[in-house]
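# Analysis of the macromolecular model
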Amino acid sequence: MKKMLAGLLFAGLFFTACGGRTERVKVDIEGLTDDSLICSYFTPATVRDRGDMTTFLVGGEKRDGRTEFSIDLPNDDHVYRIFLAPQSFTGDGPKQSIEFYLTPGERIEIQAVYEPKTKAIEYTLVGSEAQQRWRESEQALEPTRLRLEMLSLTARMISPDRRTESDTVVREIQRLSDSIRRFKEDYITAHPTDPAAAYHLISLADARGFDSLYRRLDPSVQQGGLREWMDLQLELLGKQQAAEQAREAVVAGNVAPDFTLPTVEGKDFTLSSLYGGGKYIVIDFWGTWCGWCMKGMPAMKEAYGKYSTAVEFVGIDCGDKEEVWRRTVEKQALPWINVRSADDEVAMRFGVEGFPTKLILDPNGEIVARYTGEDPAFYTKLDSVANKQ
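Residues numbered from 1 in each chain as written. Predicted model: local features only at pLDDT ≥ 70, side-chain atom pairs only at ≥ 80, totals over all residues. Heavy atoms only, no water.

## Observations concerning the side chain of Asn338
Put simply, the rule is: Numbering goes from the N terminus for both helices and strands, where a helix is a DSSP run of H or I of at least four residues and a strand is a run of E of at least two. Definition of a polar contact: a pair of N or O atoms within 3.5 Å, with one able to donate and the other able to accept a hydrogen when the atoms are protein atoms, and with sequence-neighbouring residues admitted only if both atoms are side-chain atoms.
Position of Asn338 among the secondary structure elements: in strand S15 (residues 337–341). At 2.9 Å, the side chain of Asn338 and the backbone oxygen of Trp336 are in polar contact.

Next up, the structure:
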């Protein structure tokens with residue numbers, strides 16, 4: 001979540017005025033040194049469309065060491081997930097932001113204390129009774145979560161070859177993660193009629209057992225204020241499970257699934273049309289909404305410049321609107337075959353579980369290797385196969 005907010009700072013912020021509308025969120029912060037507060041929010045529709053958070057700055061009113069903020073949201077019918085942070089937010093430590101959901105018709109009041117040295121925010125929330133119970137539970141978990149974040153930071157500083165399952169730090173991280181998950185699972189199981197259980201369900205760190213926990217909930221909770229977010233989780237879970245099943249067949253030695261997609265020139269491109277041409281093939285699943293995908297484009301262009309006589313490159317944009325895709329291909333001057341998948345169907349067929357995902361195929365379409373994330377090993381392998389040509 002911190003990475004999400006930090007990334008948004010580079011995307012640009014705009015100032016907002018409430019324009020006479022009823023403020024739905026009031027925030028009172030003691031000790032804040034900034035003049036403004038970052039407010040970021042998104043909805044299930046934003047997630048489905050892989051859209052950006054809406055991010056803006058809210059000016060505050062200072063009085064007696066405290067700063068008061070009033071925030072409105074554009075539509076009273078949506079369930080918003082909201083992050084608030086000081087204007088100087090850097091995301092380099094724990095507890096630097098405020099997180100909550102805003103359900104239709106709900107009003108939220110937040111009392112907070114800001115510690116400039118650590119940049120940490122302690123806060124209490126007054127909203128619906130269910131959200132308050134969720135917040136109280138989250139506060140009970142904060143010591144465990146704080147230790148987890150500190151150990152995770154330590155683990156990131158350790159050389160990757162030392163991070164094994166037997167590593168003490170890794171084992172402790174897993175233990176703490178499991179304890180947070182058990183807490184939430186126990187709450188859901190013990191309180192199936194409590195709307196607060198829905199907050200715990202949608203705040204699980206991963207999808208393990210989500211569907212079985214969802215079925216434990218009373219129908220009144222399933223159809224309650226967070227129904228949109230639970231429906232989204234079930235939808236994403238179904239796609240994840242389909243990708244995992246497909247992933248079992250999309251392995252080295254098997255022929256890659258075929259597809260036909262539109263190119264940026266407006267023609268249809270079929271993957272198998274490249275088979276038998278004597279060149280290796282690189283397939284890159286990417287999207288403009290994926291930070292690592294965009295960071296990796298210069299390296300991909302460099303690889304194309306080195307290997308284009310021996311390797312065909314195919315970029316598959318996933319989830320972007322057509323105009324965004326076309327504009328990005330032109331702006332980035334991507335010289336290879338560029339196609340667009342308007343939905344997740346092709347990515348699911350390839351068992352894509354993260355972005356970017358890159359595959360190397362031999363000249364007959366057999367999978368040589370696949371890589372998830374911006375992995376330097378991809379370029380090492382590409383250099384190896386290209387030099388065989």
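## A closer look at the sheet that holds S15
For clarity, the threshold we go by: Here, strands pair whenever DSSP counts at least two bridges between them. To obtain an axis, a line is fitted to C-alpha atoms, over the contacting stretch when the element is a helix, and the angle between two such axes runs from 0 to 180 degrees between their N-to-C directions.
Pairing is mixed in the open sheet, where five strands are placed in the order S15-S14-S13-S16-S17. Both edges of this open sheet fall to S15 and strand S17 (367–372), since each of them pairs with a single strand only. Ignoring strand direction, the axes of neighbouring strands in this sheet form an average angle of 15°. The pairing of strand S16 (residues 357–361) with S17 spans five bridges and is antiparallel. Residue pairing in the sheet places Leu359 in a bridge with Arg370 of S17.

## Digging into the layout of surface pockets
The gaps left among the atoms become clear once a water-sized probe is rolled over them. Convention followed: Put simply, the grid is 1 Å and covers the protein atoms alone, a cavity is a trapped set of points that fit a 1.4 Å probe, a pocket is an open set with protein on both sides within 12 Å along at least five of seven lines, and lining residues have an atom within 4 Å of a point. Grid points are joined across faces, edges and corners, and a volume is the space filled by probe spheres set on the points. All residues other than Ala, Val, Leu, Ile, Met, Phe, Trp, Tyr, Cys, Pro, Asp, Glu, Lys and Arg, Gly among them, are scored as polar; the first ten of these are nonpolar and the last four charged.
In this structure, the second largest pocket encloses a volume near 160 Å³. Taken together, 13 residues make up the lining of the second largest pocket; nearest its centre are Pro195, Tyr199, Gly224, Gly225 and Leu226. Of the residues contributing to the lining of the second largest pocket, the split by class is six nonpolar, six polar and one charged.

## Describing the environment of Glu330
Defined as follows: Working definition: with a 1.4 Å probe on protein chains only, accessible area under 20% of the residue-type maximum means buried, over 50% means exposed, and in between means partly exposed.
Mapped onto the secondary structure, Glu330 falls in helix H11 (residues 322–332). Looking at Glu330, the relative accessible area reads 67%, which means it is exposed. Here the alpha-carbon distance between Glu330 and Val264, two residues 66 residues apart in the chain, equals 9.4 Å.

## Some remarks on the pattern of salt bridges
Rules: The term salt bridge refers to a side-chain nitrogen of Lys or Arg lying within 4 Å of a carboxyl oxygen of Asp or Glu.
For the structure shown, the criterion picks out 22 salt bridges. Among the salt bridges present, the one from Arg227 reaches Asp231, with a minimum N-O distance of 3.4 Å. On the criterion of helical spacing, the pair formed by Arg227 and Asp231 is a turn pair, its members being four residues apart in helix H8 (residues 227–247). For Arg227, a relative accessible area of 35% translates into the label partly exposed.

## Quick look at the environment of Leu334
Here is the rule we go by: Residue contacts follow a heavy-atom distance rule, with two residues in contact if any of their heavy atoms lie within 4.5 Å.
Looking at the secondary structure, you find Leu334 in the loop between H11 and S15. Under the relative-accessibility criterion, Leu334 is labelled buried at 7%. Measuring from C-alpha to C-alpha, the distance between Leu334 and Leu232 comes to 33 Å, with 102 residues separating the pair along the chain. Apart from residues no more than four positions distant in its own chain, Leu334 is found in contact with Trp286, Met297, Lys301 and Val329.

## A word on helix H13 (residues 376–386)
Rules: This arc corresponds to the set of directions leading from the helix axis out to the C-beta atoms.
Every buried residue of H13 is listed here: Phe378, Tyr379, Leu382, Val385 and Ala386. An end-on view of H13 places all buried positions within 130° of arc, on one side of the element. Opposite the packed face of H13, turned more than 90 degrees from it, sit the exposed residues Pro376 and Thr380. Elements that come into contact with the buried residues of H13 comprise strand S13 (280–286), helix H10 (297–307), strand S14 (311–318), S16 and S17. With a side-chain oxygen positioned 2.9 Å from the backbone nitrogen of Ala377, the residue opening H13 is Asp375.

## Topic: helix H4 (residues 168–190)
Note the cut-off: By this rule the span expected of a helix is its residue count minus one, scaled by 1.5 Å.
Counted at 1.5 Å a residue, the expected span for H4 with its 23 residues is 33 Å, and the 33 Å between its end C-alpha atoms agrees. Turning to H4, its buried residues number three or more, namely Val169, Val170, Glu172, Ile173, Leu176, Ile180, Arg181, Lys184, Tyr187 and Ile188.

## Looking at the confidence of the model for the protein
Fine structural detail should not be taken from predicted coordinates in areas where pLDDT scores are low. Under the convention used in this document: Confidence per residue, as judged by the predictor, is encoded in pLDDT with a range of 0 to 100.
Looking at the protein as a whole, its pLDDT mean stands at 87, while 91% of the residues score no less than 70. Within the protein, strand S1 (residues 14–15) has the poorest average pLDDT of any element, 34, and strand S12 (residues 268–270) the best, 98. When the criterion is pLDDT under 50, residues 1–21 qualifies, and its contacts beyond four places in sequence or with other chains add up to 40 contacts. Counted against residues more than four places away or in other chains, residues 159–163, with its pLDDT under 50, gives four contacts.

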